[in-house]
Each structure stands twice: as C-alpha cells, then as structure tokens.
Amino acid sequence: MARPIVARLDLQALRQNLQVVRAAAPHSRVWSVVKANAYGHGLDRVWSSLSTTDGFAMLNIEEAILLRERGWKGPILMLEGFFHADELALFDQYRLTTSLHSNWQVKVLANAKLNAPIDVYLKINSGMNRLGFAPDRVQTVWQQLRGLKNVGQLTLMAHFADAEQPEGIAGPMARIEQAAEGLDCPRSLANSAATLWHQEAHYDWVRPGIVLYGASPSGEWRDVATSGLKPVMTLNSEIIGIQNLKAGDTVGYGSLYKASGEQRIGIVACGYADGYPRQAPTGTPVMVEGVRTQTVGRVSMDMLAVDLTPCPQAGIGSSVELWGDNIKIDDVAAPSGTVGYELMCALAPRVPVTTF
C-alpha cells in the first residue's frame, strides 16, 4: 500500500480565485503568475484551469516552452527577462515578452537578430532594490528602447516591497510617477497585495501570484477571510501510530514536549521531507477526523505527532488535514516563522498529487 500522504488540488478553487482577482481589478488585464512550477502546484496540472487569464508570467524558459507546447497562444511574460544572449532566439521563436532591468540586456537586445520585434517590460526600481533601473534612468532607457527595431510594445513595470504593510505603496508610487513623467504608456505595477488593496496601482495589467492559490499576501489568513479566495492545495495524511503517555513522558527528537499528565497522541505520516516545516512548534494547528487540534514535539523527517485529546475517537487510519480548506496554510506558516508561499513551493516530489 502507498504511504497515505497526498496533496489534493481543487481546480475549481483556482478558477474562482482568478475571478476574485478580476472583481478586485475590473479594468485591468491579468498576468497569472505561475513561477516556481505554479507555486508548487505543478504548472502542467493547473495552467488550463487558468486559461481564461490574459497572460501567464514566470521565470523559467522551460516552463514557457511547456505552455506553448500545451497550446497556450496568449502572452507570456518572463519576469526576470533573459539571462544570456543566446536565449533571445527562444524568446523570438516562442514569442515571449521580456522584462528588461539592466543595461547589458538593452545592449544584447539592440544587437540581436530577430525575426520580429518582441514586447518589452521596462522595470523600474521603485525602492525594493532587487531588479530595475533607477527612476532617474528610466526616461533615457525608454527613449533608447523606442528607437530599437527589435522592440515591440513597451510597458513600464515595477514591484512593491510593502504593499501588504501599513506603510503601503505611497513612496514607491511617487518614485514611479517621477520616473514615468510625460510617458504615455501601459503600466504593470500591482502584485497580489496591491491588486487586493491598492486600486491606484492597477493600471493596465495586474500580476497576482499567491492569491491565485488561495493564500494571503500578508501571511495572515484573516486579511483575506472575506475576499472569496479559496485554498487550492490541501495536504492530507493519516494517523499511522498511537502512543499513550504518562506524566513526564516526552515526544520526539530533543524531547521538546513533555506530557503534564496522561495523554493520547497520534503519529502522522508527514514530515519535513514531505514539505511540512521542521520549525513548526508545538501548538501548530492540525485537523484530525474533522476536529481541530495541534502538533506536539519536533517535526521529524517522515512523521509528526498530534494531540488526540480533543478527538478521542481517532485511531489508526484516521484522516488528518495538515493544511487546506480548514487549516489555512498561512496558519501553519506563521507559527513556523515563514509564509504560505514557501510551504507551497516546498511540497516534496515524493508526495503524490491529485486534482479534482
């Protein structure tokens, strides 16, 4: 028999989440961000459920080629652009839109021999200081690109570091406005958080990522609890062992948990080698047979322990939800000191995935 852990993907939830995005930004077109193998969900499994999007955005050219081979004929945006000059032949062949964020990319594009111009997203560094041209360079680069025969439609692009925080996007928006003064052009600025919470950043294209998969950009589920978003991925397993503890008994490596009295615990077939966070502390929420309970002790490579006090009926083979519809992935990530993004992307290849 197969090990009982499985990740289940609700494709209708994915479609619903795209509609939530459209409702939030009704006058914008949508780049559905499917980088990192669709945030760990599997690009090949899920892309067709997002096929009503206006375009797909990603990083790896292999994933872009996969979409073309599967029949996607719409726009594809490469968020980090090309990494080497010889890749431009593939951008040309597969009609990919490239981000440009550095001088060497502009020079390579100017000297490339292409069959037809390619569309370009000129990236502004709005203060995050990862990629992009400084605001005072944008006008010069824009005019340079406008004069290149290899450049098709030109769009301004930026990203926000704090769109989910109280300080918001006022500072970055001011830098973007300074950079774009006098330019009549399309813009793509809004990530998931700005799509939900900052209408002033919507412009022509929004770029939702984490919200498509049903988690919160802020890392707090309560911030999106009334949004209509629905988790796409549910991680399920089963109890494979039962232990009856006495006062003073400990659980797991490092003996981090000590029972204060008689206690029944269940051992679940799920550990950090499956993608569950090793740093999840005692008290991380979990659901057993429909009853909310919590983990106890340190997460092992292949197993973790849960308190069965609230669910005395549970036994060997009882169902366990690690995250999903009832246990929100954000509520597992937060006490573990991380975000739902990481847990999705960390789902291990050994975990079977089914769709419905």
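Residues numbered from 1 in each chain as written. Predicted model: local features only at pLDDT ≥ 70, side-chain atom pairs only at ≥ 80, totals over all residues. Heavy atoms only, no water.

1. Topic: helix α7 (residues 135–146)
Since there are 3.6 residues in each turn of an α-helix, residues three or four apart along the chain are aligned in direction.
Moving on, step 1. With 12 residues, α7 should cover 16 Å at 1.5 Å per step; its first-to-last C-alpha distance of 17 Å lies within 8% of that length.
Moving on, step 2. Residues Pro135, Val138, Val141, Trp142 and Leu145 constitute the buried set of α7. The buried residues of α7 occupy one face: seen down the axis, they fall within an arc of 110°.
Moving on, step 3. Those residues of α7 that are buried are in contact with β5 (97–100), α6 (103–111), β6 (118–123), β7 (151–157) and α8 (170–179). (Helix = DSSP H or I, 4+ residues; strand = E, 2+ residues; numbered from the N terminus. Expected span 1.5 Å × (residues − 1). Buried < 20%, exposed > 50% of the residue type's maximum accessible area, 1.4 Å probe, protein only. Arc of directions from axis to C-beta. Contact = heavy atoms within 4.5 Å.)

2. Comments concerning the layout of surface pockets
Moving on, step 1. Considering only enclosed or pocket space, the largest pocket measures out at about 570 Å³ in volume.
Moving on, step 2. Lys35, Tyr39, Arg130, His159 and Asn191 are, among the 24 residues lining the largest pocket, the residues nearest its centre.
Moving on, step 3. Only α2 (35–39) and α9 (192–197) provide two or more residues apiece to the lining of the largest pocket.
Moving on, step 4. Considered class by class, the residues forming the lining of the largest pocket number 14 nonpolar, four polar and six charged. (1 Å grid on protein atoms, 1.4 Å probe; cavity = no way out; pocket = protein on both sides within 12 Å on 5 of 7 lines; lining within 4 Å. Points joined across faces, edges and corners; volume = space filled by probe spheres on them. Nonpolar A, V, L, I, M, F, W, Y, C, P; charged D, E, K, R; others polar.)

3. Some words on the UniProt feature "binding site: substrate" (unreviewed entry) in the protein chain
Moving on, step 1. In the numbering used here, UniProt assigns the feature "binding site: substrate" (unreviewed entry) to Arg130 and Met301. With a sequence span of 172 residues, these residues are also far apart in the fold, their greatest C-alpha distance being 34.0 Å. Lining residues of the largest pocket drawn from the annotated list: Arg130.
Moving on, step 2. Turning to its location among the elements, Arg130 is positioned in the loop between β6 and α7.
Moving on, step 3. Classification of Met301 by relative accessible area gives partly exposed; the value is 42%.
Moving on, step 4. Residues contacting Met301, with those up to four places away along its chain left out, are Gly271, Tyr272, Ala273, Asp274 and Arg350. (UniProt positions renumbered as here; feature names shortened; annotations may be inferred.)

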